[in-house]
Amino acid sequence: MAQHRKNPHHPPRGAAPLGGHRSQDEPGRALRHPECPEPAALGPNRAEAVLRAEAAAVRAEDEAERARIERLERLEEAQQERRATTRRRFLAGSALTATALATSTLVSGRLSFGTLADNGTLVQVFLYGGMDGLSLLAPANDPILRKSRPALLLPENGSIPVGRGFALNKAFEPLKKYLDLGELAFVAGVSDPRISRSHFQAADACELGGLPNQSAGRGWLDSLVGLLGPGTPFRAVGIGSTLARSLVGTEGAIVLNSIASLGINGEQKFKEPTVTAVRTLFTGIDHPLEDIVKAGLGALATASDLARTGYTPAAGVQYEGDVGDAFKEIAHLIKGGANVRVASIGMGGYDTHQEQGTNDGHLYGKLNELAKALRAFFDDLGELRKDVTVMVVSEFGRRVAQNTSGTDHGHGGVATILTGRKVAGPILGAWGGLDTLDNGDVPEFNNMFNLFGSVAQSQFGLSAADVQRIFPAQKFEPIGVMR
């Protein structure tokens, strides 16, 4: 039986289809078997002969392509041999934990050490799942809430009064110290018209700073890093197993689970020879990759030094849970002089359709874990916290009305700002109440990207024009964040 391509209606390049049409490559000539000048000799009839000729031509074309690829691979391998190592030997000896060393995803070639002014660190914490903002911060004794969510109300006794008629969930009690110091604030009714009720679409838009076609798929923190200029390889860090969407882009960011994990794996005897081989391989090549690898090796050396000396938090500070461990790594980098400019932490578990537990269950536990981690982080930093701001956000809020024991996807969420630079007040931005809802949701009183831009502007001294470059599709209207 003659062989065919997967789609018999589309013959291979240079082959004649059934019926004897001429080849596009050779006008005026019918297809010929590569070893037989007369198609009639290949089968009992012309149609069968043409099918057999087509199959033979396809086989010959495939064999030629395989031979070409094999030649290129042998050539590349020979070139690697001349650089003192081969790909197989390199991978057999070690592997980079975070990512391939010689790629811009580890560190941008434009980076250099010590050239960025020391203007502090911005940490974004993203609560995946859509955190119910009204379970964290809500207008106290609100009649609409009493009617719409009687099982999820913040209690009159036990909630923390924060000003402007708002009450705060007692799960945030660990942060009362910083609330009293004027370093903790909240923004209610945070959203954007481009954000839907889809987790994937909303989280993507939040981390990109708009729709993908408005940001060219570049994360907003990556755009911010580009404006801040050169720095150390640790100027942009994501804590976790994958790089946050907000850090994806052109500037390069390091993603790690821990400082100790950023290194070269494999047997100990291979580690130093591998570093030496990589340095030799990418030295004197007159290519931007040379600078990238130099910076990457610098990052590995810094991480190695920090890991070797270990880390002991300040007296009395204890980090708990996964989010606490993430903050501990950032504290280690900051106190170790790695000059982190932006960092990203993710925390899941906020999609609370059932058994929400606002005051004593699941959500209360998640909020309390977060509050303890934030408290430990700022206590650990001590005076260094004056140059640090943490912004906690989620992809969207949830509907005002409960759905029995939980809440469904909505809009108008709550953002949390913790900063050693002092906030303008405990409740920031606009608030128009819940008398008129947006299709059952908290209305957008404060645009999400105006908030992001305002926090970045306050932390790093950016101009309004700079912020506009980060969010090109958003007409920037600043929100007063810091004093």
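Our subject is the structure listed above.
The structure displayed is predicted, hence computed values, not measured ones.

Conventions we followed
Residues numbered from 1 in each chain as written. Predicted model: local features only at pLDDT ≥ 70, side-chain atom pairs only at ≥ 80, totals over all residues. Heavy atoms only, no water. Buried < 20%, exposed > 50% of the residue type's maximum accessible area, 1.4 Å probe, protein only. Helix = DSSP H or I, 4+ residues; strand = E, 2+ residues; numbered from the N terminus. Axes fitted to C-alpha atoms, helices over the stretch in contact; angles between N-to-C directions. Parallel < 35°, antiparallel > 145°, perpendicular 65-115°, else oblique. Left-handed = near helix turned anticlockwise from the far one by under 90°. Contact = heavy atoms within 4.5 Å. Nonpolar A, V, L, I, M, F, W, Y, C, P; charged D, E, K, R; others polar. Phe/Tyr/Trp six-rings, centres within 6.5 Å; stacked < 30°, edge-to-face > 60°. Core = buried A, V, L, I, M, F, W, Y, C linked by side-chain atoms within 4.5 Å. Pairing = 2+ DSSP bridges. Salt bridge = Lys/Arg side-chain N within 4 Å of Asp/Glu carboxyl O. Expected span 1.5 Å × (residues − 1).

Of all nine residues making up helix 8 (residues 220-228), seven are buried, and the element is well covered by its neighbours. Among the residues making up helix 8, those that are buried are Trp 220, Leu 221, Asp 222, Ser 223, Leu 224, Val 225 and Leu 228. Taken from the residues just after helix 8, Gly 229 is the one with a positive phi, measuring 90 degrees.

A few words on the packing of helix 8 against helix 13 (residues 448-460). Relative orientation of the contacting elements helix 8 and helix 13 amounts to 30 degrees, with a least axis distance of 12 Å. With respect to their mutual orientation, helix 8 and helix 13 come out roughly parallel. In terms of crossing hand, the pair formed by helix 8 and helix 13 is right-handed. In this structure, helix 8 uses Trp 220, Leu 224 and Leu 228 to contact helix 13, whose residues at the interface are Phe 452, Ala 456 and Phe 460. When grouped by side-chain class, the residues that make up the contact of helix 8 with helix 13 number six nonpolar, no polar and no charged.

Under the criterion given, the structure shown has eleven aromatic pairs. Through a chain of ring-to-ring contacts, the aromatic side chains of Tyr 178, Phe 327, Phe 377 and Phe 378 assemble into a single cluster.

For the rest of this paragraph, the subject is the nonpolar core. Counting residues in each nonpolar core, the largest one holds 57 residues, and the members touching the most others are Leu 137, Phe 327, Phe 377 and Val 390. Per-element accounting of this core gives the leading share, ten residues, to helix 12 (residues 362-381). Apart from residues no more than four positions distant in its own chain, Phe 377 is found in contact with Val 123, Tyr 319, Phe 327, Ile 330, Ala 331, Ile 334, Val 388 and Val 390.

Where burial is concerned, most of strand 5 (residues 184-191) is hidden: eight out of the eight residues are buried. Here five bridges tie strand 5 to strand 10 (residues 413-419), and the two strands are oriented antiparallel to one another. Bridge pairing in strand 10 links Val 187 to Ala 415. Bridge count between strand 5 and strand 11 (residues 427-428): two bridges; the pairing is parallel.

Time to look at the sheet that holds strand 4 (residues 166-168). Strands belonging to one sheet form pairs held by backbone hydrogen bonds; the direction of such a pair is parallel or antiparallel. Strands sit in the order 2-4-3 across an open sheet of three strands; the sheet is antiparallel. In this open sheet, the two strands that pair with only one neighbour each are strand 2 (137-139) and strand 3 (160-163). Neighbour-to-neighbour, the strand axes of the sheet open up by a mean angle of 35 degrees, direction not taken into account. Examined bridge by bridge, strand 2 and strand 4 share three bridges and lie antiparallel to one another. Bridge pairing in strand 4 places Leu 137 opposite Leu 168.

Time to look at the pattern of salt bridges. The full count for this structure, using the stated rule, is 18 salt bridges. Two residues, Asp 222 and Arg 218, come together in a salt bridge whose shortest N-O distance is 2.5 Å. Between Arg 375 and Asp 379 there is a salt bridge, and its shortest N-O distance comes to 2.6 Å. Here Asp 379 and Arg 375 lie together in helix 12, a separation of four residues that amounts to about one turn. With a relative accessible area of 26%, Arg 375 lands in the partly exposed category. Exposure remark for Asp 379: the relative accessible area of 23% places this residue in the partly exposed category. When salt bridges with common partners are traced through the structure, they connect Arg 218, Asp 222, Arg 235 and Glu 251 into a single cluster.

Moving on, we come to the side chain of Glu 207. Mapping Glu 207 onto the fold places it in helix 6 (residues 199-208). In contact with Glu 207, other than residues within four places in its own chain, are Gln 124, Phe 126, Tyr 128, Gly 219, Trp 220, Ala 244, Arg 245 and Ser 246.

Their axes nearest at 9 Å, the elements helix 11 (residues 321-335) and helix 12 cross at an angle of 20 degrees. Comparing their axes, helix 12 and helix 11 come out roughly parallel. As for the relative orientation of helix 11 and helix 12, their crossing is right-handed in sense. Taking contact as the criterion, the partners of Gly 321, Asp 322, Val 323, Gly 324, Phe 327, Ile 330, Ala 331, Ile 334 and Lys 335 in helix 11 are, on helix 12, Glu 369, Leu 370, Ala 373, Leu 374, Phe 377, Asp 380 and Leu 381. Split by residue class, the contact of helix 11 with helix 12 holds ten nonpolar, two polar and four charged.

We now examine helix 11. In an α-helix, one full turn covers 3.6 residues, which means residues spaced three or four apart are oriented alike. A rise of 1.5 Å per residue sets the reference length of helix 11, with its 15 residues, at 21 Å; its end C-alpha atoms lie 21 Å apart and thus fit the reference within 8%. Positive backbone phi, approximately 80 degrees, marks Gly 337, located one or two places after helix 11.

Attention now moves to the environment of Ala 343. Its place among the elements puts Ala 343 in strand 8 (residues 342-347). Sequence-distant contacts of Ala 343, defined by excluding residues within four places in its chain, comprise Leu 122, Val 123, Gln 124, Leu 221, Val 237 and Ile 330.

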